[in-house]
Amino acid sequence: MLFGDKSKPTLTQANPQGDWVKDGSDQDFMQDVIEPSKEVPVLVDFWAPWCGPCRQLGPIIEKAVLGAQGKIKLVKINIDEHPGIAGQLRVQSIPAVFAFQNGQPVDGFMGALPESQIKDFINRLTGEQDQEAIEALIARADEALLQGDLGGAAQDYATVLQADPENPLAFVGMVKVNLANGDHDQAQQILDSATEAQKKHPAVISLLAALSLKDEVADAPDLASAQSAVDDDPNSASHHYDLAGAYIAAGDLAKASDHLLTSISLDREWEGGKARLLLLKVFDAAGPSSEIAKQGRRKLSSLLFS
C-alpha cells in the first residue's frame, strides 16, 4: 500500500479554524489527507525548518487556505521528521505542494509562489473563481489571441472554462483560437456544443453573425483590386460595397462599415438597399455595444433621415 495506515491523531495548530490547517506525519497521512480529500481538496506542503522559501511560502498558503473557509485543507509535513511520503511522491526539492482529491494527487507546484498565484491555484481546486480573476484571465487571453499567441490564449480560456464551464466569453475565445489555427472542424464542434444560455449571450450572437458574414462575402474581390476600383471611381456605390466586402473578408469591420456608409451616402437605394442590409449585419458581428455599431448606427440614421 502506497500510504501508511491510520495511527494516532495529529495535533492541530492553535487556530480557531480547527483542522483546516494542521501539522501532519507519515503515520497519519491516511486520516489527515487521503480520507478528507474525498470530501474537500487537501493540500500537502512538504517543508523543512532550514528551507528559506518554505518559510516564505508557509504563511501565504496558510492565509489562502484559511480564507477559503473550509473549502480546502492544508497539511504541513516536515520532511526532516517525516521523509516517507515525500519519498514515495519523489519530492526532490522543497517547498513542494501537492493537491489531493478523492484520495489521489491531482495537481501541485514547487517553490514559493506569490499570493495571487496561490489563490488562483486554490480557486481551481475548489471550482471557484472570483469575477475579477476571471475577467483578468479573459483579458489576457484576448490579448494573447490578438498577438498570435494561440497556445497562451487557449490555456487561459481553458482555465476559465474549467472554473466556469458555460462562460460565454471563454467559449467564444476557444472558437476563435481554433479558427485562427485553421482547425475549422474543431471550431464547429465547439459551436455545436453551445448551451441555450450561451446562444443567447451577445458575444456568441456576434460570433455567429461574424461567421455568417464571412460566408456572405466569400466571393468578394481581393483588397488590392477593390481599393484600385474605388480609387479609379470614388463615386461608385458598387465599388465601395465591394471594398467593404474585401475588408470584411480581411477581418476589418471598422473599415467595412466606413465604406458601406459611403456606398449608402452615394446611392441609398442601390441594389434595393443592399449596402444597408450588409451594414446591419456588420453591426451584429461587431456587437451591439461596440464603437463600430454605436457610431455606425448614428451615421446611418443621419444618412437615412437627412
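A.B. asks: What is the right way to read the overall build of the chain from this model?
C.D. replies: The helix and strand inventory of the chain stands at 15 helices and 5 strands. In summary, the chain has a C-alpha radius of gyration of 28 Å against a globular reference of 19 Å for 306 residues, an excess of more than 25%. In terms of principal-axis extent, the alpha carbons of the chain reach across some 90 × 35 × 35 Å. Taken across its 306 residues, the chain has 43% of its residues classed as buried. In the chain, the proportion of contacts linking residues at least 24 apart, taken out of those at least 6 apart, comes to 58%. For the chain, the computed accessible surface area is about 16100 Å², with 50% contributed by carbon and sulfur atoms. For the chain, the distance from the average site of its 26 positive side-chain charges to the average site of its 44 negative ones is 5 Å.

A.B. asks: Which parts of the structure should I look at to understand the state of the cysteines?
C.D. replies: Cysteine pairs can be linked by a disulfide, which is a covalent bond between their two sulfur atoms. Under the definition given, this model contains 1 disulfide. In this model, Cys51 is linked to Cys54 through a disulfide, with the two sulfur atoms separated by 2.4 Å. A torsion of 80° about the S-S bond marks the disulfide between Cys51 and Cys54 as right-handed.

A.B. asks: It is not clear to me how the packing of aromatic side chains should be interpreted in this structure. Could you clarify?
C.D. replies: Note on aromatic pairs: each is described by the distance of the centres and the angle between the planes. Using the criterion set out here, one finds 4 aromatic pairs in the structure. Consider the rings of Phe109 and Phe121, whose centres lie 5.1 Å apart with planes at 85°: the pair is edge-to-face. Here the residue Phe109 occupies a position in strand β5 (residues 104-110), and Phe121 occupies one in helix α4 (residues 115-126), the gap between them amounting to 12 residues. Here Phe109 and Phe121 have matching classes, each one buried. Taking NZ or CZ as reference, Lys76 lies 5.6 Å from the ring centre of Trp47, over its face.

A.B. asks: In this structure, what is going on with unusual backbone geometry? I would like to understand it.
C.D. replies: Both trends apply: most residues other than glycine have a negative phi, and most peptide bonds are in trans. Residue Pro95 follows Ile94 across a cis peptide bond; omega there is 0°. Within the secondary structure layout, Pro95 lies in the loop between α3 (84-88) and β4 (96-101). Phi at Gln69 is positive, roughly 55°, even though this residue is not glycine. Structurally, Gln69 can be placed in the loop between α2 (52-67) and β3 (73-78).

A.B. asks: I would appreciate a short explanation of the side chain of Ser257 in the present structure.
C.D. replies: Checked against the element boundaries, Ser257 lands in helix α13 (residues 253-266). Filtering out sequence-adjacent residues up to four positions away, Ser257 remains in contact with Leu279, Val282, Phe283 and Ile292.

Rules of the game
Residues numbered from 1 in each chain as written. Predicted model: local features only at pLDDT ≥ 70, side-chain atom pairs only at ≥ 80, totals over all residues. Heavy atoms only, no water. Helix = DSSP H or I, 4+ residues; strand = E, 2+ residues; numbered from the N terminus. Rg over C-alpha atoms; globule rule 2.2 N^0.38 Å. Buried < 20%, exposed > 50% of the residue type's maximum accessible area, 1.4 Å probe, protein only. Contact = heavy atoms within 4.5 Å. Areas by Shrake-Rupley, 256 points an atom, 1.4 Å probe, with all protein chains shown as cover. Lys, Arg positive; Asp, Glu negative; His and termini not counted. Charge placed at Lys NZ, Arg CZ, Asp CG, Glu CD. Disulfide = S-S within 2.5 Å. Phe/Tyr/Trp six-rings, centres within 6.5 Å; stacked < 30°, edge-to-face > 60°. Lys NZ or Arg CZ within 6 Å of the ring centre and 35° of its normal.

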